[in-house]
Amino acid sequence: MTEKRYRVCSICEATCGLEFTLDGEEIVSIRGNDTDVFSHGFICPKGIALKDLHNDPDRLKTPLIKRDGVFVEASWDEAFAEIAKRLPPIIQKYGKDAVATYSGNPGAHKASLGLYGGVIRKAIGTKNIFTASTLDQMPKQLSSGLMFGSWLSIAVPDIDRTDYLLILGGNPLVSNGSIWTVADFRGRLKALQARGGKMVVIDPKRSETAKAADAYHAIKPGADGLFLAAVVQTLFTEGLVDLGRLENHLNGVADVEAAVSGFTPQAVAARCGIEAETIKQIARDIAGAERAAVYGRIGTCTQEFGTLNSWLVDVINVLTGNLDREGGAMFPKAAAFASNLRGKPGQGRGIITGRYHSRVGVHPEVAGEFPAACLAEEIETPGEGQVRALITIAGNPVLSSPGGEALGEALDQLDFMVSLDIYLNETTRHADVILPGVSPLEEEHWDTALNQLATHNTARFSPPMFEKSPDHPFEWEVLLKLAAIVSGSNETVEAMDDAIAASSAPKEVLDMLVAKSGPARLVELGIRSGPYGDGFGQNPDGLTLQKLLDTPDGIDLGPLAPRIPEVLRTPSGKIELAPEMLLEDMKRLNAFLKGSGQDGLVMIGRRALRTNNSWMHNLPVLAKGPNLCTLQIHPSDAENAGVETGGKARVKGNKGQFDMVIEVTEDVMPGVVCAPHGWGHDYDGIALTVAAQNPGGNSNAVATDGLRFDPLSGNAVLNGIPVTVEPVPA
Ligand SMILES: Nc1nc2c(c(=O)[nH]1)N[C@H]1C(S)=C(S)[C@@H](COP(=O)(O)OP(=O)(O)OC[C@H]3O[C@@H](n4cnc5c(=O)[nH]c(N)nc54)[C@H](O)[C@@H]3O)O[C@H]1N2
Ligand SMILES: Nc1nc2c(c(=O)[nH]1)N[C@H]1C(S)=C(S)[C@@H](COP(=O)(O)OP(=O)(O)OC[C@H]3O[C@@H](n4cnc5c(=O)[nH]c(N)nc54)[C@H](O)[C@@H]3O)O[C@H]1N2
Ligand code: SF4
Ligand SMILES: [Mo]
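Since we're looking at a predicted model, the values are computed, not measured.

Undergrad: Can you help me understand the overall build of the protein in this one?
TA: When you go through the protein residue by residue, the secondary structure sums to 25 helices and 28 strands. Here the C-alpha radius of gyration of the protein, 25 Å, is about what a compact globule of 730 residues would show, namely 27 Å. Here the C-alpha coordinates of the protein stretch approximately 70 × 70 × 60 Å along the principal axes. A buried classification covers 61% of the 730 residues belonging to the protein. Taking all contacts inside the protein whose residues are at least 6 apart in sequence as the whole, residues at least 24 apart take part in 74%. Surface summary for the protein: the accessible area is close to 26300 Å², and the carbon and sulfur share equals 51%.

Undergrad: Explain a negative patch on the surface to me, please; I cannot follow it from the model alone.
TA: Where like charges cluster on the molecular surface, the negative patch consists of Glu380, Glu405, Glu409, Asp412, Asp682 and Asp684. The residue Asp684 is located in the loop between β25 (672–674) and β26 (709–710) in this model.

Undergrad: Whenever I open this one, the packing of helix α5 (residues 138–148) against helix α14 (residues 306–319) confuses me. Can you help?
TA: How two helices sit against one another is set out by the angle between their axes and by the gap between those axes. Where α5 contacts α14, the two axes come as close as 8 Å, and the packing angle between them is 50°. If you check the angle between α5 and α14, you find them oblique. Considering how the two elements wind past one another, α5 and α14 form a crossing that is right-handed. Residues Pro139, Lys140, Leu142, Ser143, Ser144, Met147 and Phe148 of α5 form the contact with α14, whose participating residues are Gly306, Thr307, Ser310, Trp311, Val313, Asp314 and Val315.

Undergrad: In this structure, what is going on with the layout of surface pockets? I would like to understand it.
TA: Over the atoms a probe the size of a water molecule is rolled, and this reveals where empty space is left. Estimates place the volume of the second largest pocket at around 570 Å³. In terms of residue class, the lining of the second largest pocket is made up of nine nonpolar, nine polar and five charged. Two domains each provide a minimum of three residues to the lining of the second largest pocket, namely domain 2 (138–334 + 564–588) and domain 3 (598–727).

Undergrad: Sorry, what's going on with the domain arrangement of the protein here?
TA: Many structure descriptions define interface size as the accessible area lost when the parts assemble. Domain parsing of the protein yields domain 1 (76–135 + 351–435), domain 2 (138–334 + 564–588) and domain 3 (598–727). Contacts between the two partners involve 26 residues from domain 1, matched on the other side by 30 residues from domain 3. For the pairing of domain 1 and domain 3, the buried interface totals around 2200 Å² over both sides, and the portion due to carbon and sulfur atoms is 59%. Our enumeration of links across domain 1 and domain 3 arrives at zero salt bridges. Those elements that place two or more of their residues in the side of domain 1 that touches domain 3 are α16 (397–400) and α17 (404–411). Looking at which element gives the most residues to the side of domain 1 that touches domain 3, the answer is α16, with three residues.

Undergrad: What is the right way to read the site of ligand 1 from this model?
TA: What surrounds ligand 1 is a group of 27 residues, the closest being Tyr102, Asn105, Asp421, Glu475 and Ser614. Contact between ligand 1 and Tyr102: an oxygen atom at 2.6 Å from a side-chain N or O atom of the residue. Between ligand 1 and the protein, one listed contact pairs an oxygen atom with a side-chain N or O atom of Ser614 at 2.5 Å. For ligand 1, whose unbound accessible area comes to 920 Å², protein coverage reaches 97%. A per-class count over the shell around ligand 1 returns twelve nonpolar, ten polar and five charged. Composition of the shell around ligand 1 by domain shows at least three residues from each of domain 1 (76–135 + 351–435) and domain 3 (598–727).

Undergrad: Would you mind going over the pairing of strand β18 (residues 456–459) with me for this structure?
TA: The two faces of a sheet get side chains in turn, since along a regular strand they alternate between them. Residue alternation in β18 divides its side chains into two sets, His456 and Thr458 and Asn457 and Ala459, and both sets are buried. Bridge count between β18 and strand β19 (residues 555–559): three bridges; the pairing is antiparallel. Paired with His456 across the strands is Pro559, a residue of β19.

Cut-offs used in this document
- Here the residue index of a chain counts from 1 through its sequence in written order.
- Chain A is the first chain written and ligand 1 is the first ligand written, with later ones labelled in order.
- Two thresholds apply to this predicted model, a pLDDT of at least 70 for residue-level local features and 80 or more for giving and counting side-chain atom pairs, whereas whole-chain, interface and lining totals are computed over all residues.
- Each side-chain value is worked out from all heavy atoms of the structure, with water and hydrogens disregarded.
- The numbering of helices and of strands both runs from the N terminus, where a helix is a DSSP run of H or I of at least 4 residues and a strand a run of E of at least 2.
- Each radius of gyration reported is based on C-alpha atoms, and the globular scaling rule is 2.2 Å times the count of residues to the power 0.38.
- When accessible area is computed with a 1.4 Å probe and restricted to protein chains, residues below 20% of their type maximum are described as buried, those above 50% as exposed, and intermediate ones as partly exposed.
- Any pair of residues with heavy atoms lying within 4.5 Å of one another is described as a contacting pair.
- Using a 1.4 Å probe, the Shrake-Rupley method yields the accessible areas, and only the shown protein chains count as cover for residues.
- A patch consists of residues whose relative accessible area exceeds 30% and which take part in no salt bridge; residues with like charges are grouped when within 9 Å of each other, and nonpolar side chains (Val, Leu, Ile, Met, Phe, Trp, Tyr) when within 5 Å.
- In the sections that follow, a salt bridge refers to a side-chain nitrogen of Lys or Arg positioned within 4 Å of a carboxyl oxygen of Asp or Glu.
- Think of it this way: Lys and Arg go in the positive column, Asp and Glu in the negative one, and His and the chain ends go nowhere.
- Working definition for charges: the position is that of NZ of Lys, CZ of Arg, CG of Asp or CD of Glu.
- Orientation is described by axes fitted as lines to C-alpha atoms, over the contacting stretch for helices, and by angles from 0 to 180 degrees between their N-to-C directions.
- Just so you know how the angles are binned, under 35 degrees is roughly parallel, over 145 roughly antiparallel, 65 to 115 roughly perpendicular, and the rest oblique.
- If you view the pair so one helix is near and one far, a crossing is left-handed when the near helix is turned anticlockwise from the far one by less than a right angle, and right-handed when it is turned clockwise.
- Only protein atoms enter the calculation, which uses a 1 Å grid: trapped sets of points that fit a 1.4 Å probe without letting it out are cavities, open sets showing protein on both sides within 12 Å along at least five of seven lines are pockets, and any residue with an atom within 4 Å of a point is a lining residue.
- Grid points are joined across faces, edges and corners, and a volume is the space filled by probe spheres set on the points.
- When residue character is reported, Ala, Val, Leu, Ile, Met, Phe, Trp, Tyr, Cys and Pro are called nonpolar, Asp, Glu, Lys and Arg charged, and the others, Gly included, polar.
- In this document the domain limits rely on a domain assignment from an automatic tool or a database.
- Buried area: the accessible area, evaluated with a 1.4 Å probe, that two parts lose upon being put together, summed over both parts.
- If even one non-hydrogen atom of a residue comes within 4 Å of a molecule or strand, that residue is called near it.
- Pairs of N or O atoms within 3.5 Å make up the polar contacts considered here, provided that, within protein, one atom can donate a hydrogen while the other can accept it, and that residues adjacent in sequence are counted only when both atoms are side-chain atoms.
- Pairing between two strands is assigned when DSSP locates at least 2 bridges connecting them.

Spelled out as structure tokens, the structure:
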């Protein structure tokens, strides 16, 4: 007897609704749920791979403790005892900042990690907080925070109603969307094109999305700031600025006009590799479209002008009257935890950075974090405040951060390292204790972060599909236990969890909840007190957890709706179009424009449908098919370097190197090589049986001398890295 179960996928930002067919504890099949209110049946190969993930024999089920250099299985009590013995003395001796935390990408996808990750960071009280956000979207968070007043007030394209979509540095046909939750991008794009709309893509590579676009323009890596500034300049000089409804909600239009005045299309064309006339035409097309949206992603964030790029994208949206209007770039309203609903509507304190600085590189704190790419120097540089212990939470920085291989060596200098992870992999092999998370299918699922970035408002809650083993704690319980250990508290995990719930609702309210503990209880509190909630009975037609449990397809909360000025939290109560910090940074862009530019090859990254960053290469269903880990190079560069398809190349940065199989293709522009990150599964001592059969190379082994950042956000430069390529003799 089989049964159907419905569940939102926890792998990527698309949050597809999936239909599982189960035979008892066995997963018979996984397909897209056709009646899901958000994804309407869409699924990608990684959703299907949840079966392999759940069944992966390499997925850790028991804690591991390193004894004399070798991992041995341990009970949970033994693992916690080991941590209690070794971690608190480091804090006592060297202070709180001696312990760093690094939190990775799955924290954005698992409610357990998303809702309880902060507890451990707070319990330690360390300034040394690192996350994958500074390898990813921090520039967008910073620019949005400066303009709109909070870190997660990010405007996303209203693709279902737009007529013109300009994408820079994103490949949603493969990534399925990012900082923009947009399941079935292909279907939504087809609908856009069918109603006469257009998509234009700016990218150094003719990506899958570029191939589906109505127009594609190759841009030199790192030059987006120039391109965008020239579009803005054109809007002003050609009289195309039309603020519409936003006129009364804006500060700084004249300052922006002054700041871009030198960035004429003619001046930037050669540095961008895009003709001046094309830049002008794009400006005219955005302004002329009934409804348009500009969107920039990884390619625009992970470069030296990440924050400027992210800002200029929204400057264009604002100046063409497309911000916060249907078919433009709009602010989602999530059913729970919507940080852009916190505080008084319409005005707030805004955001600040640089309240304190990192010890070695003196980088400003941004959203309470230091740049992930600085973790190694904080470990390696002796002195007061040196990092001596590390907790990684669902992160693999050895493969994901620039100079990751060197970071791996630094990890061995730590006095103590704990990893909360599901694999013994390139990073966790350096740990002293590994604490395994449960399978995602054994947990409830709610998208804490991604509902705040979704192209359509919906609410979907998935209860656990399988029961976990009774002696395996949930990750939220592990995080609370670690918090108790570092604070020297004897409180039970249960009591700590109750205290967290009690801090947001009185006992009468807690007593009426369906969920009695953990993330589900916090989600229930969030939903019922949220913008669509039942207010614990005050608004009986409102959303409750019970209603969501009764509606596995989810509840449609409607298309995005205009939210300005309510969404704003700036001190002025207006959109700050010209934040001081960004105007100042335009000088750096100007120096870049006047500079001589880059000779030689630069490396950019890419993603593939059958991958998810570094950690799904161990799943047989995804490992099948053609080799995804290839260095793509233009035929003219391949000839110069003396490499050919199928051969192996050695790629060298200023520091570090890796080897990768060559794929000659005209898809990348001359001067650019393209390597995926997250590979390199041939380090000693890892337990990834399937991945090790096709290890690939760690593209992040390559770094630049003097790490490169976007100085405002601390985001690492991961695209446009200068490299050389040479053949590896067979
Ligand atoms: N060159 C280059 N580098 C990049 C990028 C790029 O485009 N180019 N992209 C960057 C981006 S956008 C990101 S987000 C980062 C990602 O950087 P990271 O988050 O550091 O790396 P991931 O590969 O996502 O690793 C996730 C880790 O979580 C573990 N994990 C998976 N599921 C679970 C779970 O349920 N529980 C627990 N506890 N652990 C789990 C995995 O085993 C793995 O160790 O990489 C960045 N690095
Ligand atoms: N299948 C799959 N999906 C994923 C992931 C995955 O690993 N695999 N990872 C997830 C994560 S963590 C994230 S953050 C998202 C990322 O989502 P996307 O941003 O859509 O990711 P990418 O596919 O890396 O696309 C980045 C694009 O930027 C281009 N690019 C590089 N440098 C520049 C530049 O200087 N200027 C411009 N204009 N473009 C440039 C690259 O050629 C590439 O086409 O994807 C998520 N989804
Ligand atoms: S697109 Fe993302 S959310 Fe959808 S099935 Fe694939 S991995 Fe899961
Ligand atoms: Mo990411």
